[in-house]
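Spelled out from the first residue to the last, the chains are:
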Amino acid sequence: MIFDIGMHEGQDTDFYLRKGFKVVAVEANPALAESAARRFATAIASAQLTIVNKAIADVPGTIDFYINEKLSAWGTASRDWMKRNAKLGAPSTIIEVPTISMADLFGAYGMPYFMKVDIEGYDQLCIRALIDRDDRPDFTSIESHAWLYDETVADLELLRQAGYTKFKIIPQHDIMRQRPPTKSLEGLAIDYAFVGGSSGLFGRELPGRWMSFDETCARYRHIYRNVRMVGMHNGRFRDVKNRYVKAALNRVFAGGTGWYDTHATS
């Protein structure tokens, strides 16, 4: 079983289902959840997929959710992230949505093999829920913020407290170049082309080697040096207009314009 926390338009859920996994997909935006329910009606009918149309929070109840008017992927329950998005020219509309805690999610559906988390500023809630538990997903992934090195290190610290010791940094801007291996290491062997917004491969099929906590921090330190130069949100040279100069800067500070996921295992 896989938890797809932050299903969005179902890009990842589609991959997990095709790989033969049972999926519990959490999506706070009711319009996106309804659209996914139509798209995956067959998987829902066969009980391979369950969609939970709620936001992750510390306790059950309701919470304000900010639907971004420019990019649906920037929907968030974080007021701070909503303000960041507004400063980038992407305002939001506020709605109220029901919530579910991670403890209740685990209680209702069990512990997944892999847990993908991408809920725009609330990823830490999902990882904190694993601390001091006897069980945890074999693999998990969270989005790195592409804002500040210290925020990403804080996420790594939480993953370490949750019992994870090995990490991989996966550039999300290169996901469409990934392909599942011919000899499957996770689920069914399938031919699959990832679309924009996908999280890509997971678990034993991830490219690259697993790194220690210190190695991962060092790698992110290098990445964020480049992000500070050309990063899409706060890079010093992000507003350069000349396309030749911009291309040269992007080559010098390679990887600084993209964003990353951190994958973790024990």
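Residues numbered from 1 in each chain as written. Predicted model: local features only at pLDDT ≥ 70, side-chain atom pairs only at ≥ 80, totals over all residues. Heavy atoms only, no water.

### What about the overall build of the protein?
Next, step 1: Counting its regular elements, the protein contains nine helices and 10 strands.
Next, step 2: Whereas a compact globule of 266 residues would reach a radius of gyration of roughly 18 Å, the protein reaches 18 Å, a difference of no more than 12%.
Next, step 3: Each of the 266 residues in the protein was classed as buried or not, and the buried ones make up 49%.
Next, step 4: Considering only contacts in the protein between residues 6 or more positions apart, those separated by 24 or more positions represent 71%.
Next, step 5: Summed over all atoms, the accessible surface of the protein reaches about 12,800 Å², with 52% contributed by carbon and sulfur. (Helix = DSSP H or I, 4+ residues; strand = E, 2+ residues; numbered from the N terminus. Rg over C-alpha atoms; globule rule 2.2 N^0.38 Å. Buried < 20%, exposed > 50% of the residue type's maximum accessible area, 1.4 Å probe, protein only. Contact = heavy atoms within 4.5 Å. Areas by Shrake-Rupley, 256 points an atom, 1.4 Å probe, with all protein chains shown as cover.)

### What about the sheet that holds strand 6 (residues 92-100)?
Next, step 1: Taken in spatial order, the three strands make up an open sheet running 4-6-5, and their pairing is mixed. At either end of the open sheet lies a strand with only one pairing partner, and these are strand 4 (55-56) and strand 5 (61-68). (Pairing = 2+ DSSP bridges.)

### So, the layout of surface pockets
Next, step 1: Quantified by volume, the largest pocket comes out at close to 810 Å³.
Next, step 2: In terms of lining, the largest pocket is formed by 43 residues, of which the most central are Ala-73, Trp-74, Asp-118, Glu-120 and Glu-143.
Next, step 3: Ranked by residue count, the leading element in the lining of the largest pocket is helix 4 (residues 79-87), at three residues. (1 Å grid on protein atoms, 1.4 Å probe; cavity = no way out; pocket = protein on both sides within 12 Å on 5 of 7 lines; lining within 4 Å. Points joined across faces, edges and corners; volume = space filled by probe spheres on them.)

### Looking at the packing of aromatic side chains
Next, step 1: Here the structure, examined in full by the defined rule, presents 16 aromatic pairs.
Next, step 2: Judged by centre distance (4.9 Å) and plane angle (50°), the ring pair of Phe-15 and Tyr-192 falls under tilted. On the criterion of sequence distance, the pair formed by Phe-15 in helix 1 (residues 11-18) and Tyr-192 in the loop between strand 9 (166-171) and helix 8 (213-230) is long-range, its members being 177 residues apart. Tyr-192 matches Phe-15 in its accessibility class, with the two residues each being buried.
Next, step 3: By way of ring pairs, the aromatic residues Phe-15, Tyr-16, Phe-21, Tyr-113, Phe-114, Phe-139, Tyr-192, Phe-194, Phe-202 and Trp-210 are connected into one cluster.
Next, step 4: Over the ring of Tyr-164 we find Arg-136; its NZ or CZ atom is 5.9 Å from the centre of that ring. (Phe/Tyr/Trp six-rings, centres within 6.5 Å; stacked < 30°, edge-to-face > 60°. Lys NZ or Arg CZ within 6 Å of the ring centre and 35° of its normal.)

### As for the pattern of salt bridges
Next, step 1: All chains considered together, the criterion is met by 11 salt bridges.
Next, step 2: Here Glu-205 ties to Lys-19 by a salt bridge, and the two come within 3.0 Å at their closest N and O atoms. Of this pair, Glu-205 sits in the loop between strand 9 and helix 8 while Lys-19 sits in the loop between helix 1 and strand 2 (23-26); the two residues are 186 residues apart in sequence, bridging distant segments of the chain. A single burial state applies to Glu-205 and to Lys-19, both of which are buried.
Next, step 3: Between Arg-204 and Glu-186 there is a salt bridge; the shortest N-O distance is 3.2 Å. Here Glu-186 lies in the loop between strand 9 and helix 8 and Arg-204 lies in the loop between strand 9 and helix 8, a separation of 18 residues in the sequence.
Next, step 4: Counted as one network, the salt bridges with shared partners bring together Asp-4, Asp-12 and Lys-116. (Salt bridge = Lys/Arg side-chain N within 4 Å of Asp/Glu carboxyl O.)

### Quick notes on the nonpolar core
Next, step 1: Membership of the largest hydrophobic core comes to 36 residues, with the highest contact counts inside it found for Ile-5, Ile-56, Leu-105 and Met-115.
Next, step 2: Top contributing element to this core by residue count: helix 8, with six residues.
Next, step 3: Filtering out sequence-adjacent residues up to four positions away, Met-115 remains in contact with Phe-3, Ile-5, Met-102, Phe-106, Cys-126, Ile-127, Leu-130, Pro-137, Phe-139, Thr-140 and Ser-141.
Next, step 4: If you look at the next biggest cluster of nonpolar residues, it comprises 22 residues, including Met-7, Phe-15, Ala-43 and Leu-201. (Core = buried A, V, L, I, M, F, W, Y, C linked by side-chain atoms within 4.5 Å.)

### What to know about a positive patch on the surface
Next, step 1: On the surface, Arg-221, Arg-225, Arg-228 and Arg-236 cluster together into a positively charged patch.
Next, step 2: Secondary-structure assignment places Arg-236 in the loop between helix 8 and helix 9 (243-252). (Patch = residues over 30% accessible without salt bridge, like charges linked within 9 Å, V, L, I, M, F, W, Y side chains within 5 Å. Lys, Arg positive; Asp, Glu negative; His and termini not counted. Charge placed at Lys NZ, Arg CZ, Asp CG, Glu CD.)

### Observations regarding the environment of His-222
Next, step 1: Assignment of secondary structure puts His-222 in helix 8.
Next, step 2: For the pair His-222 and Ala-31, spaced 191 residues apart in sequence, the C-alpha to C-alpha distance is 39 Å.

### Here's the deal with helix 7 (residues 149-161)
Next, step 1: An ideal rise of 1.5 Å per residue puts 18 Å on 13 residues; helix 7 measures up with 19 Å between its terminal C-alpha atoms.
Next, step 2: Residues of helix 7 that are buried include every one of Tyr-149, Glu-151, Thr-152, Val-153, Asp-155, Leu-156, Leu-158 and Leu-159, and no others.
Next, step 3: On its buried face, helix 7 sits against helix 4, helix 6 (123-128), strand 8 (139-143), strand 9, helix 8 and strand 10 (260-265). (Expected span 1.5 Å × (residues − 1).)

### A closer look at the environment of Gly-203
Next, step 1: Position of Gly-203 relative to the elements: it lies in the loop between strand 9 and helix 8.
Next, step 2: The spacing of Gly-203 and Gly-187 is 16 residues in sequence and 11 Å in space, taken between C-alpha atoms.
Next, step 3: Sequence-distant contacts of Gly-203, that is, excluding residues within four places in its chain, are made with Phe-139, Glu-186 and Trp-210.

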